[in-house]
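Structural overview for review
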Amino acid sequence: MKTMRFTTAQALIKFLNQQYVEFDGKQEKFVKGIFTIFGHGNVLGLGQALEEDPGELEVYQGRNEQGMAHAAVAFGKQKHRKQIMACTSSVGPGAANMVTAAATASANNIPVLLLPGDTFATRQPDPVLQQIEHYHDLTVTTNDAFRAVSKYWDRVSRPEQLMTAMINAMRVLTDPADTGAVTIALPQDVQGEVYDFPEYFFKKRVHRIERRVPTASDLKDAVELIKGKKKPVIICGGGVRYSEAADSLKRFAEKFNIPFGETQAGKSAIESTHAYNLGGIGVTGNLAANLIAKEADLVIGVGTRYSDFTTASKQLFQNSEVDFLTINVSEYHAYKLDAVKIVADAKLALLALEIELEKTGYRSGYTHEIESAKDAWKAELNRLYQVRYKDEGFKPEVAGHLDEVLPEFYEKFGSCLTQTEVIGQVNQLIDEDAIIVGASGSLPGDLQRMWESRRPNTYHMEYGYSCMGYEISGALGVKIAEPDKEVYAMVGDGSYLMLHSELVTSIQEGKKINVLLFDNAAFGCINNLQMGNGMGSFGTEFRYRNPETGRLDGGLMKIDFAQSAAGYGVKTYKVNTLEELQGAIEDAKKQTVSTLIDIKVLPKTMTNGYESWWHVGIAGTSINPKIKEAYLNKENNLKKARKY
Ligand SMILES: Cc1ncc(C[n+]2csc(CCOP(=O)(O)OP(=O)(O)O)c2C)c(N)n1
Ligand SMILES: O=C1C[C@@H](O)[C@H](O)[C@@H](O)C1=O
Ligand SMILES: [Mg+2]
């Protein structure tokens, strides 16, 4: 047996360079690059290996481990899981910082390879700097925290373990039904230990991403179910994008006269103008999709996990005859809601189902309903585009909570922009093929409802974990994936403050991203949530501590985000009017460096719900009658919801 003498870290880098995926006959390198933040836990092992011979891996320098790992997740998502980035961190806090991003990857089923440094396998110098000593179990380290958020977890305590660890890592990363974060913990001494690896470990490996074929019996059951239904609705989930099944779904919808709603992950698989595209569905869905869903007698979920946001906590579908048909490559998701299942790749399943259903001459019973629902939403959308603060009798979309704050905000910030008019303008002004990136706050709701995707795969929303701080990191990852397109991070002030460190990395790399920062001086959506359920405004507006009350009910905090980002070398703009917004977006397009547009938007001017409900934990008893009322309301809605 021929062997090659390498350290564990050198062998790992050599191995990663030899991994390919094949999808529909097309081969591509699987690992594009690696984000690094070096510390004592990885610099002399993995760092040395990368300095000596990175192969074709592009080596990036992150700013915050969570940020860089989120950039890697966004890269994998935008690449539809056909190519990934790896991330290496030091031991202890560097590793812990990646745990959140691992969770984001696993919640969204997006592949990412995380390589945190670990404490010494030999234990000789213990406790090393940043080691937590668990007196009851010396094998437990910070990296065990990744177990709860990874789809595969391993610790390489001897160099030869690297081989089985990495083969399993690749198995999970390339499995469409079970992909997510893969964490391989690397003790710092082991990274530098030498071993004679068999040459065959480094041979080129091609991992075929198989399209699972639907079975004849699954198809038969599905056809039987559909045949008896008059008002089916399709849910277009993220699986449609990952399986590249958009054309098949379009044809299926057209042929059988079946409308479809979009989840956050599925949105922009098909352009918004398509006659059967109802737009966003669920808690953050629009009027058209939710009206049709309410009446539907069959829900056909394609590549969806049926999250609470998609099903409005299982209360959206009110037709007493409603049944579920699920097409999903994952058996786990297919089993939900007692659905009739086709456990298969979305594209193959839709193609096969089309053939079988066509034989029956099936066509749904819709006549004018799809068009009427779309027209009603179009009229509402036009109204939202034109919500102007200065109009007489102005009432914000989320009215009756903090109406008095609007004049206060206007006076202090000098802006009378509403969030819905800004979104409308941005939608018109940016290029058709530009990609928007979002994750948290009120924007995902507004965008799922209001955003018109003109080109496929231009809507990138992380709403499996809805992790604040993803937006800017994610925009960097998307830009690395699609360098020729303009990328816009759509971010609230709260989320921007939580994490925007990779904005500096975008400057360093010359990877231009555009930040559209919606500053409403609040954790706005959470303020809506608490006040909408009977609470007061508590801990969610950005106000100074008031010495008179001792509470956070002083004046609003006005932050000059543009000025802070300018210090990084970002081209910035301050926007208080629609004219300024237009000018800023046009100018930003001409820039080669990253840009940030600091947009002051009036609180409470985001969209409100349409025909939907969200099950949230409300206090069962309180001295506040409004909370009692909210609790009763919850109980009533719960009666209308499926139990599981
Ligand atoms: C990491 C993380 N922490 C907490 C939350 C809970 N959370 C969701 S939205 C939100 C406030 C977002 O505020 P902002 O970004 O300003 O958006 P807005 O709702 O004001 O539009 C919070 C705290 C979260 N989603 N992610
Ligand atoms: O708690 C939350 C409420 C949602 O409205 C928001 O979009 C999301 O970020 C979140 O975490
Ligand atoms: Mg905010």
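From a predicted model like this one, the values you see are computed outputs, not experimental measurements.

1. Here's the deal with the nonpolar core
Proteins that are soluble and globular tend to have nonpolar side chains buried together. Counting residues in each nonpolar core, the largest one holds 91 residues, and the members touching the most others are L353 and I599. Residue assignment places this core across two domains, with domain 2 (216-376) and domain 3 (386-600) each supplying three or more. Excluding anything up to four places from it in sequence, I599 contacts L417, V422, L516, L517, F518, D519, V575 and L581. Counting residues in each nonpolar core, the second largest holds 49 residues, with Y60, M68, M85 and M98 among its members.

2. Quick word on the UniProt feature "binding site: Mg(2+)" (unreviewed entry) in the protein
As annotated by UniProt and renumbered to match this structure, "binding site: Mg(2+)" (unreviewed entry) occupies D493 and N520. Sequence-wise these annotated residues cover 28 residues; spatially they are packed, their C-alpha atoms never more than 6.9 Å apart. Structurally, D493 is set in helix α19 (residues 493-498). Exposure remark for D493: the relative accessible area of 1% places this residue in the buried category. What makes N520 buried here is its relative accessible area of 6%. Discounting chain neighbours no more than four positions away, the residues touching N520 are F409, Q419, D493, V601, P603 and M606.

3. Overview of a nonpolar patch on the surface
Together, F38, V43 and L44 make up a nonpolar patch on the protein surface, roughly 290 Å² of accessible area in all. Relative to the elements of secondary structure, V43 occurs in helix α2 (residues 43-52).

4. Some thoughts on the site of ligand 1
Taken together, 15 residues sit near ligand 1, with S442, D493, G494, G524 and C525 positioned nearest. Within the contact set of ligand 1, an oxygen atom lies 2.9 Å away from a backbone nitrogen or oxygen of S495. Contact between ligand 1 and A522: an oxygen atom at 2.9 Å from a main-chain N or O atom of the residue. When ligand 1 is considered free in solution it has 590 Å² of accessible area, and contact with the protein chains removes 78% of it. Class assignment for the residues of the shell around ligand 1 results in 6 nonpolar, 8 polar and 1 charged.

5. Here we look at the packing of helix α16 (residues 419-429) against helix α17 (residues 443-450)
One way to put it is that α16 packs onto α17 with a least axis distance of 11 Å and a crossing angle of 55°. Viewed along their axes, α16 and α17 adopt a mutual orientation that is oblique. Along this stretch, α16 crosses α17, giving a crossing that reads as right-handed. On α17, the residues touching Q419, T420, I423 and N427 of α16 are L443, D446, L447 and M450. In the contact of α16 with α17, the residues fall into 4 nonpolar, 3 polar and 1 charged.

6. Considering the packing of aromatic side chains
Tallying each qualifying case throughout the model produces 19 aromatic pairs. Consider the rings of W377 and Y610, whose centres lie 5.3 Å apart with planes at 80°: the pair is edge-to-face. Residue W377 is located in helix α14 (residues 369-385), and its partner Y610 is located in the loop between β23 (595-600) and α24 (625-640); the two are separated by 233 residues in the primary sequence. Owing to a relative accessible area of 6%, W377 belongs among the buried residues under this scheme. Members of the aromatic cluster, connected to one another through ring pairs, are F6, F15, Y195, F197, F201 and F202. Over the ring of F23 we find K82; its NZ or CZ atom is 4.4 Å from the centre of that ring. Over the ring of Y459 we find K267; its NZ or CZ atom is 5.4 Å from the centre of that ring.

7. Let's talk about the pairing of strand β18 (residues 435-438)
Of the two faces of β18, the one holding I435 and V437 and the one holding I436 and G438 are both buried throughout. Two strands pair when backbone bridges link them, and β18 and strand β20 (residues 487-492) are joined in this way by 3 bridges, in the parallel orientation. Bridge assignment links I435 to a residue of β20, and that residue is V487. One ladder, built from 3 bridges, connects β18 with strand β19 (residues 459-461); its direction is parallel. Residue pairing for β19: V437 is matched across the bridge by H460.

8. Quick look at the site of ligand 2
Around ligand 2, the structure places S440, G441, Y463, S466, C525, I526 and W614. Within the contact set of ligand 2, an oxygen atom lies 2.6 Å away from a side-chain nitrogen or oxygen of Y463. A distance of 2.6 Å separates an oxygen atom of ligand 2 from a polar atom in the side chain of S466. For ligand 2, the accessible surface in isolation is 290 Å², of which the surrounding protein chains cover 70%. Classifying every residue of the shell around ligand 2 gives 4 nonpolar, 3 polar and no charged.

9. Points about the UniProt feature "domain: Thiamine pyrophosphate enzyme central" (unreviewed entry) in the protein
Cross-referencing UniProt, the feature "domain: Thiamine pyrophosphate enzyme central" (unreviewed entry) maps to residues 219-353 in the present numbering. Strand forms 20% of residues 219-353 and helix 37%; the C-alpha atoms that close the span are 6 Å apart.

10. Description of the sheet that holds strand β12 (residues 232-236)
In a beta sheet, neighbouring strands are held together by backbone hydrogen bonds and run either parallel or antiparallel to one another. Strands sit in the order β14-β13-β12-β15-β16-β17 across an open sheet of 6 strands; the sheet is parallel. Strands with a single pairing partner mark the edges of an open sheet, and in this sheet they are β14 (277-280) and β17 (340-343). With direction set aside, neighbouring strand axes in the sheet form an average angle of 20°. Sheet analysis places strand β15 (residues 298-302) next to strand β16 (residues 323-328), joined by 5 bridges and oriented parallel. The partner of V299 across the bridge, within β16, is F324. Contacts from helix α7 (residues 216-227) reach β15, β16 and β17, with the element oriented near 140° to β17. Relative to β12, helix α9 (residues 246-256) is tilted by about 170°, and along the sheet it contacts β12, β13 (260-262) and β15.

11. Quick notes on the side chain of H207
Here H207 lies in strand β11 (residues 205-208). Relative accessible area serves as the criterion here: at 14%, H207 is assigned to the buried category. What H207 contacts, discounting residues up to four positions off in sequence, is Q19, Y20, V21, E22, M170 and T174.

12. A few points about the domain arrangement of the protein
In terms of domain boundaries, the protein breaks down into domain 1 (3-208), domain 2 (216-376), domain 3 (386-600) and domain 4 (614-643). Placing a centre on the C-alpha atoms of domain 1 and another on those of domain 4 gives a separation of 45 Å.

13. Some details on helix α13 (residues 346-358)
The end-to-end C-alpha distance of α13 is 18 Å, a good match for the 18 Å that 13 residues give at a rise of 1.5 Å each. When we look at burial in α13, the residues that qualify are A346, A349, L350, A352, L353, E354 and L357. Close packing links the buried residues of α13 with α7, α8 (238-242), α9, β15, β16 and β17. Between a side-chain oxygen at the N-terminus of α13 and the backbone nitrogen of K347 the separation is 3.2 Å; the capping residue is D345.

14. A short note on the pattern of salt bridges
A full pass over the atoms with the stated rule returns 39 salt bridges. The shortest N-O distance in the salt bridge between R642 and D338 comes to 3.5 Å. With R642 in the segment after α24 and D338 in the loop between α12 (331-334) and β17, the pair connects residues that are 304 residues apart, well separated along the chain. Each of D118, D144, R147 and R155 takes part in one network of salt bridges that share partners.

What counts, and where the lines are drawn
Residues numbered from 1 in each chain as written. Chains lettered and ligands numbered in written order. Predicted model: local features only at pLDDT ≥ 70, side-chain atom pairs only at ≥ 80, totals over all residues. Heavy atoms only, no water. Core = buried A, V, L, I, M, F, W, Y, C linked by side-chain atoms within 4.5 Å. Buried < 20%, exposed > 50% of the residue type's maximum accessible area, 1.4 Å probe, protein only. Domains from an automatic or database assignment. Contact = heavy atoms within 4.5 Å. UniProt positions renumbered as here; feature names shortened; annotations may be inferred. Helix = DSSP H or I, 4+ residues; strand = E, 2+ residues; numbered from the N terminus. Patch = residues over 30% accessible without salt bridge, like charges linked within 9 Å, V, L, I, M, F, W, Y side chains within 5 Å. Areas by Shrake-Rupley, 256 points an atom, 1.4 Å probe, with all protein chains shown as cover. Salt bridge = Lys/Arg side-chain N within 4 Å of Asp/Glu carboxyl O. Near = heavy atom within 4 Å. Polar contact = N/O pair within 3.5 Å; in protein donor to acceptor, adjacent residues only side chain to side chain. Nonpolar A, V, L, I, M, F, W, Y, C, P; charged D, E, K, R; others polar. Axes fitted to C-alpha atoms, helices over the stretch in contact; angles between N-to-C directions. Parallel < 35°, antiparallel > 145°, perpendicular 65-115°, else oblique. Left-handed = near helix turned anticlockwise from the far one by under 90°. Phe/Tyr/Trp six-rings, centres within 6.5 Å; stacked < 30°, edge-to-face > 60°. Lys NZ or Arg CZ within 6 Å of the ring centre and 35° of its normal. Pairing = 2+ DSSP bridges. Expected span 1.5 Å × (residues − 1).

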